[in-house]
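# Descriptive analysis of the structure
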Amino acid sequence: MKLVLTIVELLRQLMERQAIRRVEQGDLTEQEEEDLGTSLMHLADAMDELTEQFGLTPADLNIDLGPLGPLLPRDR
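Right, let's walk through the structure included here. All residue numbers refer to positions counted from 1 along the written sequence of the respective chain. Since the coordinates come from a predicted model, pLDDT governs what is reported: local features require at least 70, and pairs of side-chain atoms require 80 or more to be given and counted, while whole-chain, interface and lining totals use all residues. Excluded from the side-chain calculations are hydrogens and water; all other atoms, namely the structure's heavy atoms, are used.

### Looking at the nonpolar core
We define a nonpolar core as any set of buried Ala, Val, Leu, Ile, Met, Phe, Trp, Tyr and Cys residues linked to one another through side-chain atoms lying within 4.5 Å. The cut-offs for exposure are 20% and 50% of the maximum accessible area for each residue type, with area from a 1.4 Å probe on protein chains only; residues under the lower value are buried, those over the upper are exposed, and the others partly exposed. Counting residues in hydrophobic clusters, the biggest one holds five residues: Leu-5, Met-47, Leu-56, Leu-61 and Leu-72. It only takes one pair of heavy atoms within 4.5 Å for two residues to be counted as in contact. Sequence-distant contacts of Met-47, defined by excluding residues within four places in its chain, comprise Leu-5, Val-8, Glu-9, Arg-12 and Leu-61.

Right, dumping it as structure tokens:
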């Protein structure tokens, strides 16, 4: 389950970064921005619930790739 949640968290962070880029570029309407923000908040909440349910912390999902460093940014 740890690996699955790690992959989901990586995808969530990538989607969040892409959403920020699109907002900054002005590609979205106000309603699309609102919907996107709401969806990302729900996804983050769901990830928090799942990690708690399986006894994991966000730090547990950050797999160390040795010389490459951690898989996920350390900001979450």
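Back to the write-up after that little detour.
### Describing the pattern of salt bridges
A side chain of one charge can pair with a side chain of the opposite charge when the charged atoms of the two come close. A carboxyl oxygen of Asp or Glu within 4 Å of a side-chain nitrogen of Lys or Arg is what we treat as a salt bridge. Overall, the coordinates contain two salt bridges when judged by the stated rule. Ionic pairing is found between Glu-9 and Arg-12, a salt bridge with its closest N-O pair at 2.9 Å. With Glu-9 and Arg-12 both in helix H1 (residues 2-25), this residue pair falls three residues apart, about one helical turn. For the residue pair Glu-9 and Arg-12, the accessibility class agrees, reading buried in each case. In DSSP terms, a helix is any run of H or I states spanning at least four residues, a strand is any run of E spanning at least two, and both are numbered starting from the N terminus.

### Focus on the environment of Val-23
With respect to the element layout, Val-23 can be found in helix H1. Separated by 10 residues in sequence, Val-23 and Glu-33 place their C-alpha atoms 6.9 Å apart. When sequence neighbours within four positions are dropped, the list of residues in contact with Val-23 reads Leu-28 and Glu-33.

### Observations concerning the side chain of Thr-6
On the secondary structure map, Thr-6 appears in helix H1. Of the residues examined, Thr-6 reaches a relative accessible area of 1% and is grouped as buried. For the purposes of these results, a polar contact is taken to be a pair of N or O atoms within 3.5 Å, where, inside protein, one atom must be able to donate a hydrogen and its partner to accept one; residues adjacent in sequence count only when each atom of the pair is a side-chain atom. At a separation of 2.8 Å, a polar atom in the side chain of Thr-6 contacts the main-chain carbonyl oxygen of Lys-2. Non-local contacts of Thr-6, meaning those with residues more than four positions away in its chain, are made with Leu-61, Ile-63 and Leu-71.

Purely spatial values, then, with no claim about function.
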